[in-house]
Amino acid sequence: MSLVLYYAPGACSGVTITAMIELGLECEFKKVDLASGEQKTPAYQQINPYGKVPAVTVDGQLLTENPAILIYLNSLATSSKLMPDTDCALQRSQYYSDLMWLSSSVHPSVRHVCMPSYYTQSSDTDDVVAKGIKQLILYFTMANQHLQNSTWWYGEQWSIFDTYLHWCYTRALRGGFALDSFPALLSHQQRLEARPSFAIRQQIEQR
Ligand SMILES: N[C@@H](CCC(=O)N[C@@H](CS)C(=O)NCC(=O)O)C(=O)O
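Residues take numbers from 1 onward in each chain, read along the sequence in its written order. Restriction of local features to residues with pLDDT of at least 70 applies here, the model being predicted, together with a cutoff of 80 or more for giving and counting side-chain atom pairs; totals for whole chains, interfaces and linings are based on all residues. Excluded from the side-chain calculation are hydrogens and water; included are all heavy atoms of the structure.

- The name an unreviewed UniProt entry assigns to the protein is Glutathione S-transferase, from the organism Vibrio halioticoli NBRC 102217.

Given below as structure tokens:
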């Protein structure tokens, strides 16, 4: 099987890169230069018409949307896993729901804070940023509470949810959102960044 992952340094595709590393999957990594607008070029849109990263091709067939990609990659896993194993359909759907919460609620709020011009044609973006901050305080308060007595989101076992959550709050941090009131997120950040896959992902992104 041939896997190609289109990614951009610092983007949410870092979560997908981490999934490849944690699962030990053979993958070709292709950088997309978001800053110069490569994602909007006809050449890239022939690969991914949505003009976003991450995008994965599997033997030439396109798969987009981070949660869908992560669920698919997990299905390829033999030994290590991206999320806990379960035979219970409801429990499995709850894991998927957690990933989708990050991609469809938390990530857009991060974007409100970091890239407000996505959401308004006005040059005054203060209102968009304020709305994003309000939502992120709500989401990160929930996440902080959840992690107060837990090493990882699902207890003692790391999951790709941890990496995705880490991407959301560190992206917000880089965009100027302070994390000081979320101590459990800050210690989660330390644990996450101590994982070997974090350093490997950084090497891949810096190539
Ligand atoms: N719904 C997509 C969102 C992906 C997304 O927003 N990717 C951003 C990078 S973090 C992107 O490609 N931005 C480029 C653009 O919008 O032009 C997913 O979950 O995979």
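**What about the overall build of the protein?**
Then comes step 1: Strands are runs of DSSP state E lasting at least two residues, helices are runs of H or I lasting at least four, and both sets are numbered from the N terminus onward. The helix and strand inventory of the protein stands at 8 helices and 4 strands.
Then comes step 2: Counting helices and strands in the order they occur from the N terminus, the protein gives β-α-β-α-β-β-α-α-α-α-α-α.
Then comes step 3: For the protein, the C-alpha radius of gyration of 17 Å lies close to 17 Å, the compact-globule estimate for 207 residues.
Then comes step 4: The principal-axis extent of the C-alpha atoms belonging to the protein is close to 45 × 45 × 35 Å.
Then comes step 5: The classification of residues rests on relative accessible area computed with a 1.4 Å probe and restricted to protein chains. Under 20% of the type maximum is buried, over 50% is exposed, and intermediate values are partly exposed. For the protein, the proportion of its 207 residues judged to be buried stands at 47%.
Then comes step 6: Residue contacts are defined here by distance: any two heavy atoms, one from each residue, within 4.5 Å place the two residues in contact. The contacts of the protein with a sequence gap of at least 6 include a subset with a gap of at least 24, amounting to 63%.
Then comes step 7: By element, 50% of the accessible surface of the protein is carried by carbon and sulfur atoms, the whole surface being about 10500 Å². Just to be clear, the radius of gyration here is over C-alpha atoms, and the globule rule we use is 2.2 Å times residues to the power 0.38. Areas reported as accessible are Shrake-Rupley estimates using a 1.4 Å probe. Residue values count occlusion only from the protein chains shown.

**What about the pairing of strand S4 (residues 61-64)?**
Then comes step 1: Criterion used throughout: strands pair if DSSP finds at least two bridges between them. Here strand S3 (residues 55-58) runs beside S4; their pairing, made up of 4 bridges, is antiparallel. The partner of Ala 55 across the bridge, within S4, is Thr 64.
Then comes step 2: Connecting the antiparallel pair S3 and S4 is a turn made up of 2 residues, with Asp 59 showing a positive phi of about 50°.

**Considering the site of the ligand**
Then comes step 1: Neighbouring residues of the ligand: 14 residues in total, closest Gln 39, Lys 52, Val 53, Glu 65 and Tyr 118.
Then comes step 2: The contact in question runs from a nitrogen atom of the ligand to an N or O atom on the backbone of Val 53, over 2.7 Å.
Then comes step 3: Contacts to the ligand include Glu 65, whose side-chain N or O atom sits 2.6 Å from a nitrogen atom.
Then comes step 4: For the ligand, the accessible surface in isolation is 520 Å², of which the surrounding protein chains cover 88%.
Then comes step 5: The dominant element in the shell around the ligand, judged by the number of residues it contributes, is helix H4 (residues 89-114), at 3 residues.
Then comes step 6: Residue polarity is assigned by list, with Asp, Glu, Lys and Arg as charged and Ala, Val, Leu, Ile, Met, Phe, Trp, Tyr, Cys and Pro as nonpolar; anything else, Gly included, falls into the polar class. Among the residues making up the shell around the ligand, the classes are represented as 6 nonpolar, 4 polar and 4 charged.
Then comes step 7: Segmentation of the chain into domains, including their bounds, is taken from an automatic or database domain assignment. When residues of the shell around the ligand are sorted by domain, at least three fall in each of domain 1 (3-82 + 197-206) and domain 2 (89-195). Nearness is defined per residue: one heavy atom within 4 Å of the molecule or strand is enough. Polar contact criterion, stated in full: a pair of N or O atoms within 3.5 Å, where within protein one must be able to donate a hydrogen and the other to accept it, and residues adjacent in sequence count only if both atoms are side-chain atoms.

**Section: helix H8 (residues 196-206)**
Quick reminder: α-helices carry 3.6 residues per turn. Residues three or four places apart thus point the same way.
Then comes step 1: Considered for burial, the residues of H8 that qualify are Ser 197, Phe 198, Arg 201, Ile 204 and Glu 205. The arc enclosing the buried residues of H8, seen along the axis, measures out at 125°, which places them on a common side. More than 90 degrees from the buried face of H8, the exposed residues found are Pro 196, Gln 203 and Gln 206.
Then comes step 2: In the core, the buried residues of H8 are packed alongside strand S1 (3-7), helix H1 (13-23), strand S2 (28-31), helix H6 (160-174) and helix H7 (183-193). Here the arc refers to the set of directions running from the helix axis out to each C-beta atom.

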